[in-house]
Amino acid sequence: MNFLGAKWIYNNEYTSVDNRCVYFYKDFETSSEVKSAYIYAASTDAFRLYLNSGRINGNYFENHGITYIKQIPLYKYDIKDLLSDKNSVCAVLGSVKRKLHCSDFLFYAVIVIEYADGSTEKILTDESWETSFGQLFSVSFQDGEKYDFTAGAFKRRSVHVSTDKKGYTYLLSKAYAPGLFAESSLKPKAVDGSKAKIFDAGFVALGVISVKLKGKKGEKVKIRYSETTDFSDRCCDELTLSGGEDVFSNEFIYKNFKYAEVSGNAEILSFEICRLSYNIDRNGDFHCSNSKINEAYFENIQHRSDKLSDYKMMISDDAANPVFDMFSFDCREYIEAALSSCRASQAENGCVPIALRRGLQYRYGIFENATLLPIELVYRHYIMFGDIGIIRNNIDMCRKIIGFVDEFSESDNLEFILKTIYSAELMSRLCSFMGSPDEAYYKKLYQSLYTAAVDGLNLQELSADVLALLYKYRFKTPAELKDAVLTHSYKEVSPENMSSWLGLLYECGKFEEPYKIITSDDFDKTLCRDWLFTGCLGIRPEETADGAGFKKVIIQPAIDLSYSIKKASGGYITPYGKISVFWEKTDDMYTCCLTVPYEIDATCRFNGFKVVNQKSSRETYVFILRRN
């Protein structure tokens, strides 16, 4: 989006030595009754916006400008309710990520006001804006936030307009950022200590703090955070007190922590934690006749909702990943933000940030156990939502991720090898969806890797996890895997592969087995959540260019023949409306009722059953079934 006349502005006193936060100001008046008002804003790093002392972008999210790639996010905010006759807008820029990159520390904004009489006014960033420094000294993910409350009012001076020829204005794009909202305010319990004061939130929370302090002028206070009582100086906040009562609230940096330590001689008048959560809607629902499964499902949904704390974790292979559940949650923008962060990290560092299972520490590079999940995220996003733009925006990043391999070494474990082969196959499909000639290259790569690593496998010698992956990636058919599967117990399957294992059992003709497993007393029922949608309800989009985005869907419910569950119901909200599935056991028959929006081309299948009667009315279809 381009607004004629708006310019990129900067403070020419800013230097990377101090890494100071920069303030920009604009005073303006409204001429009559306002019908609507919006501000469009962008920066080459993080920013906060205020209008008449009220925070505009109150949600906490990473609003980083990306100067390393070809897009800079442009954010839109509704400001109508904050306007008055005389107004003052303030933007605070923090070099959160780009420390020592001062030459591109720029801000861009357009305020669009529509009046009740139909007239429109635009206020653009240009030479009329003013700039200064402020009490917020600096911010960064590594060093936290630094405030100097002793600083008085800073003199404003005219901004400078960028004459850079990089064409930033034409690189602006709509911002995709899952909003972090203030879910609740916590008053943590104070823990006895020596000079330091330690506060315990009671559990690990994603949040920011608000603290009121009183101490001598110039007194230094440091606030450190940790999930344990072992604190480090990484990403801690540092305050210089004014001598009166000072109130500090995080502006840019939010953290996962259980304990907060305040060191220094200041008196703590109040201390609160603002707990944050991503505002992600539910897309699916499930219910069945087994109360234990229902209880586990809803507990798991709440647990996963609470853990939606960092969209970067979507590029992790971590088994406890709480995010990659595209049926339960509306993850569209969440995935786009994760992929945007992944692209930025790759452009900056030449590789992708990796979260390993060992302590979930971020690493950089491609190596054994490295994640290939960004490729699958791009693919799944396209299949679920049918947006070809997600492929266009990320295909170059995906090429670099898979581009490290043309063969395997003896040290590579088999699960990593299978993930890599699957990623090569997905790349050929993504190129096919785009009509890219690279499809042929990735097909050849897939075939060569598959021939080298899969063709000669002795299925009887493989672990349950590997068998589940061979089924998940469709490297082997259920008929080929059946004999090997029967030699294993579900107790040998790792949590991340449990849904695939249940699906494999069902497609091997063991129709009763998945339900015997998930209803057994020693089974962790939270592990079957994905299978409840794709298996029990049987809702799956067709994985083709014509079917992507639920234009075509396969509905193949895995009806329980063990009688452990006598009925189940649920559905998924597609772009065309909700697909609903209901089935139940009645006497010696089974009834299955489907509701499918008109725009969706649905194919229904019933493994192990014969359709003895069927009827339809509008978008609803009823099938009477008998076991084969």
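Remember, it's a predicted structure, so these values are computed and weren't measured experimentally.

Here is what the cut-offs are and how they apply
- Residues numbered from 1 in each chain as written.
- Predicted model: local features only at pLDDT ≥ 70, side-chain atom pairs only at ≥ 80, totals over all residues.
- Heavy atoms only, no water.
- Axes fitted to C-alpha atoms, helices over the stretch in contact; angles between N-to-C directions.
- Helix = DSSP H or I, 4+ residues; strand = E, 2+ residues; numbered from the N terminus.
- Parallel < 35°, antiparallel > 145°, perpendicular 65-115°, else oblique.
- Contact = heavy atoms within 4.5 Å.
- Nonpolar A, V, L, I, M, F, W, Y, C, P; charged D, E, K, R; others polar.
- Buried < 20%, exposed > 50% of the residue type's maximum accessible area, 1.4 Å probe, protein only.
- Salt bridge = Lys/Arg side-chain N within 4 Å of Asp/Glu carboxyl O.
- Phe/Tyr/Trp six-rings, centres within 6.5 Å; stacked < 30°, edge-to-face > 60°.
- Lys NZ or Arg CZ within 6 Å of the ring centre and 35° of its normal.
- Left-handed = near helix turned anticlockwise from the far one by under 90°.
- Core = buried A, V, L, I, M, F, W, Y, C linked by side-chain atoms within 4.5 Å.
- pLDDT = per-residue confidence, 0-100.
- Polar contact = N/O pair within 3.5 Å; in protein donor to acceptor, adjacent residues only side chain to side chain.

### So, the packing of helix 5 (residues 414-434) against helix 7 (residues 464-472)
A pair of packed helices is characterised by two quantities: the angle between their axes and the separation of those axes.
No. 1: Between helix 5 and helix 7, the shortest axis-to-axis distance is 10 Å and the interhelical angle comes to 5°. One element, helix 5, and the other, helix 7, form an angle in the roughly parallel class. Here Leu414, Glu415 and Leu418 of helix 5 lie close against helix 7, whose contacting residues are Asp465, Val466, Leu469 and Leu470.
No. 2: Here the contact of helix 5 with helix 7 is composed, by residue class, of five nonpolar, no polar and two charged.

### Some points on the side chain of Ser95
No. 1: Locating Ser95 in the fold gives a position in the loop between strand 7 (86-94) and strand 8 (107-115).
No. 2: Since its relative accessible area comes to 1%, Ser95 is described here as buried.

### What about the pattern of salt bridges?
No. 1: Applying the stated criterion to the full structure yields 25 salt bridges.
No. 2: With a shortest N-O distance of 2.8 Å, Glu261 and Arg224 are connected by a salt bridge. Highlighted residues: Glu261 in strand 22 (residues 255-263) and Arg224 in strand 19 (residues 220-226), separated in sequence by 37 residues.
No. 3: For Glu261, a relative accessible area of 9% gives the class buried.

### Side note on the packing of aromatic side chains
No. 1: Under the counting rule described, the total for this entry stands at 32 aromatic pairs.
No. 2: An angle of 40° between the planes, with centres 6.3 Å apart, marks the rings of Tyr446 and Phe475 as tilted. With Tyr446 in helix 6 (residues 439-453) and Phe475 in the loop between helix 7 and helix 8 (478-485), this residue pair connects regions lying 29 residues apart in the sequence.
No. 3: The rings of Phe286, Tyr297, Phe298, Phe327, Phe533, Phe550 and Tyr572 are connected pair by pair, giving a single aromatic cluster.
No. 4: The aromatic ring of Tyr38 is capped on one face by Lys76, whose charged end is 4.4 Å from the ring centroid.

### Remarks on the environment of Lys216
No. 1: Along the chain, the position of Lys216 falls in the loop between strand 18 (197-214) and strand 19.
No. 2: Remark: the alpha-carbon pair of Lys216 and Gly243, spanning 27 residues in sequence, is separated by 4.5 Å.
No. 3: What Lys216 contacts, discounting residues up to four positions off in sequence, is Leu241 and Gly243.

### Some points on the packing of helix 3 (residues 373-385) against helix 5
No. 1: Remark: helix 3 packs on helix 5, axes separated minimally by 10 Å, with the N-to-C direction vectors making an angle of 45°. It follows that helix 3 is oblique to helix 5 by the angle criterion. Judged by the sense of rotation from one axis to the other, the crossing of helix 3 with helix 5 is left-handed. Two secondary-structure elements touch here, helix 3 through Ile375, Glu376, Val378, Tyr379, Arg380, Tyr382 and Ile383 and helix 5 through Tyr422, Ser423, Leu426, Met427, Arg429, Leu430 and Phe433.
No. 2: Split into classes, the residues belonging to the contact of helix 3 with helix 5 amount to ten nonpolar, one polar and three charged.

### Things to note about the nonpolar core
No. 1: In terms of nonpolar packing, the biggest core is built from 107 residues, with Phe286, Leu470, Phe475 and Trp501 touching the most fellow members.
No. 2: The leading source of residues in this core is helix 5, at eleven residues.
No. 3: If we ignore the near neighbours within four places in the chain, the residues touching Leu470 are Leu418, Val454, Leu457, Leu459, Leu462, Phe475, Lys476 and Leu481.
No. 4: Counting 33 residues, the second-largest nonpolar core is a separate cluster that includes Leu136, Val139, Phe199 and Cys235.

### What about the confidence of the model for the protein chain?
No. 1: For the protein chain, per-residue confidence averages 84 on the pLDDT scale, and residues scoring 70 or more make up 84% of the total.
No. 2: The model gives residues 353-370 a pLDDT under 50, and that stretch makes 52 contacts with residues more than four places away or in other chains.

### Some remarks on the environment of Ser43
No. 1: Along the chain, Ser43 turns up in strand 3 (residues 34-43).
No. 2: Ser43 sits 48 residues away from Ala91 along the chain, and the two C-alpha atoms are 9.9 Å apart.
No. 3: Only 3.0 Å separates the side chain of Ser43 from the backbone nitrogen of Asp45, close enough to count as a polar contact.
No. 4: Here the side chain of Ser43 touches Leu106 through a polar contact of 3.2 Å, landing on its backbone oxygen.

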